[in-house]
Amino acid sequence: MKFQTAAGGRLSRLMAMCLPSIHRAVLAIICGTIAMGAPARAEDMDKDTLRLLLWQAPTTLNPHLSPGIKDQTASRINYEPLASFDRDGKLIPFLAAEIPSLENGGVAPDGKSVTWKLQPGLKWSDGVPVTSKDVVFTYQFITNPDVGSSSTPSYKSVEKVEAVDDYTVKVIFKDVNPAWALPFVGVQGMIIPEHVFAPYNNADVASAPANLAPVGTGPYIAKEFRTEDVLMIGEDVVNTVKLIYEPNPYYRNQDKLHFKQVTLQGGGDATVAANAV
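Every value quoted in this text rests on a predicted model; they were computed, and no experiment measured them.

The rules we used
- Residues numbered from 1 in each chain as written.
- Predicted model: local features only at pLDDT ≥ 70, side-chain atom pairs only at ≥ 80, totals over all residues.
- Heavy atoms only, no water.
- Helix = DSSP H or I, 4+ residues; strand = E, 2+ residues; numbered from the N terminus.
- Buried < 20%, exposed > 50% of the residue type's maximum accessible area, 1.4 Å probe, protein only.
- Contact = heavy atoms within 4.5 Å.
- Areas by Shrake-Rupley, 256 points an atom, 1.4 Å probe, with all protein chains shown as cover.
- Pairing = 2+ DSSP bridges.
- Axes fitted to C-alpha atoms, helices over the stretch in contact; angles between N-to-C directions.
- Phe/Tyr/Trp six-rings, centres within 6.5 Å; stacked < 30°, edge-to-face > 60°.
- Lys NZ or Arg CZ within 6 Å of the ring centre and 35° of its normal.
- Core = buried A, V, L, I, M, F, W, Y, C linked by side-chain atoms within 4.5 Å.
- pLDDT = per-residue confidence, 0-100.
- Polar contact = N/O pair within 3.5 Å; in protein donor to acceptor, adjacent residues only side chain to side chain.

A count of helices and strands for the protein chain gives six helices and nine strands. Put simply, the protein chain has 277 residues, and 52% of those count as buried. Residue pairs at least 24 apart in sequence account for 65% of intrachain contacts in the protein chain once pairs closer than 6 positions are excluded. Counting every atom, the protein chain has about 12600 Å² of accessible surface; 53% of that belongs to carbon and sulfur.

Below is the structure:
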């Protein structure tokens, strides 16, 4: 399998940073199989740019309005959950300082609540600090019926979410819940900023500018959402969407940003994509 990048090692590290296992697999398959006409030569490509190709075009970068994997994949580069599962089923912290457990007091002995602690010093890509209030707001946003979030199923067992302090949040369940690691975990657990989305936590959510111009905590942030870009796939000319991501200046692990730019391009249909293989 060959990726359309001259730096395969850096690609794998980016995927590990910002994608849960199922989406790493999806991206690997898509990027490896949907190639353009003639294979690109590594020496002719910009080694500082990671190029991703999807045959379906993303329509939103709001992770909780995402109708499918294409939108979740595009959103996941900008946003992060408290934690996510790796390929071995191990829970890995992202925004969380640690994984809750019975031993560290994060998981309540009665199974009716879980307490998460955020990493200190986290910032959104606009420089505003990340706090537990953003986690509480994310829950309020997802469960607001006027919003119609696609992430609602992961929160049906939740009674309420409380901010204990600026860096601690408590999730209280309606009953004993062995699946405490469902809310705020994985693609339906991405945390969104209250100061950006609060005015749109209502029926006007579709008009939020951040749906296409995100403010996130991820390693790269989408700076351009181009429509009607033209992509040559074999002998077909396809109208596409092209997203251009740039490094997040406030990302906590600057030494892990191995690309100067990430592009994600999608469009066409299954037949055109199959003919390009």
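To continue, consider the sheet that holds strand β5 (residues 158–165). Ordered in space as β4-β6-β5, the three strands form an open sheet in which the pairing is antiparallel. The two strands at the open ends of the sheet, each matched to only one other strand, are β4 (113–117) and β5. Each neighbouring strand pair of the sheet contributes to a mean axis angle of 20 degrees, computed without reference to strand direction. As paired strands, β4 and strand β6 (residues 168–173) are joined by five bridges and run antiparallel to one another. The partner of W116 across the bridge, within β6, is V169. Contacting β5 and β6, helix α4 (residues 132–143) crosses the sheet at an angle of about 165 degrees to β5.

Attention shifts here to the pairing of β6. Within β6, five of the six residues are buried, which leaves the element mostly enclosed by the surrounding structure. Between β5 and β6, which pair antiparallel one after the other, the connecting turn spans two residues.

This model, assessed by the stated rule, comprises five aromatic pairs. With 6.2 Å between their ring centres and 55 degrees between their planes, W116 and W180 make a pair best called tilted. Here W116 is found in strand β4, whereas its partner W180 is found in the loop between β6 and α5 (194–197), with 64 residues between them in sequence. Each member of the pair, W116 as well as W180, is classed as buried. When the centroid spacing of 6.0 Å and the interplanar angle of 45 degrees are considered together, the rings of F137 and F141 count as tilted. Of this pair, F137 and F141 both sit in helix α4, separated by four residues, roughly a single helical turn. Just as F137 is buried, F141 falls in that class too. An aromatic cluster of three or more residues is present, and its members are F137, F141 and F197. The ring of F94 is capped by R76, whose NZ or CZ atom sits 4.8 Å from the centre of that ring.

To continue, consider the nonpolar core. Ranked by size, the top nonpolar core spans 40 residues in total, and within it L82, W116, V161, V171, W180, F184 and F197 carry the most contacts. Of all the elements in the fold, those that place two or more residues in this core are β4, α4, β5, β6 and α5. Per-element tally for this core: the top contributor is α4, with six residues. Setting aside chain neighbours within four positions, we find V161 in contact with V136, Y139, V169, K170, V171 and F184. Counting residues in hydrophobic clusters, the runner-up holds 16 residues, among them L52, L61, A74 and F259.

Turning our eyes to something else, we now look at helix α3 (residues 69–76). A turn of α-helix holds 3.6 residues, and therefore any two residues three or four places apart point the same way. Burial within α3 is extensive, with seven of its eight residues counted as buried. Of the residues making up α3, those classed as buried are K70, D71, Q72, T73, A74, S75 and R76.

Here we come to the pairing of β5. Pairing analysis gives six bridges linking β5 to β6, with the strands arranged antiparallel. Considered in β6, the bridge of V158 is made with F173.

Here we take up the confidence of the model for the protein chain. Interpretation of this model should avoid reading the predicted coordinates in detail wherever pLDDT is low. For the protein chain, per-residue confidence averages 85 on the pLDDT scale, and residues scoring 70 or more make up 78% of the total. Here residues 19–40 is modelled with pLDDT under 50, and outside its nearest four sequence neighbours on either side it reaches 55 contacts, counting other chains as well.

With glycine set apart, most residues show a phi of negative sign, and most peptide bonds adopt trans. In the Ramachandran plot, F184 falls in the positive-phi region, its phi being about 65 degrees despite a non-glycine side chain. Overall, the relative accessible area of 0% leaves F184 in the buried class.

This next bit is on the side chain of N211. With respect to the helices, strands and loops of the structure, N211 is situated in the loop between α5 and β7 (220–233). A relative accessible area of 6% places N211 in the buried class. Here N62 takes part through its side chain, which lies 3.0 Å from a polar atom of the side chain of N211. Contacts of N211, omitting those with residues within four sequence positions, involve T60, L61, N62, L65, F197, V205 and A206.

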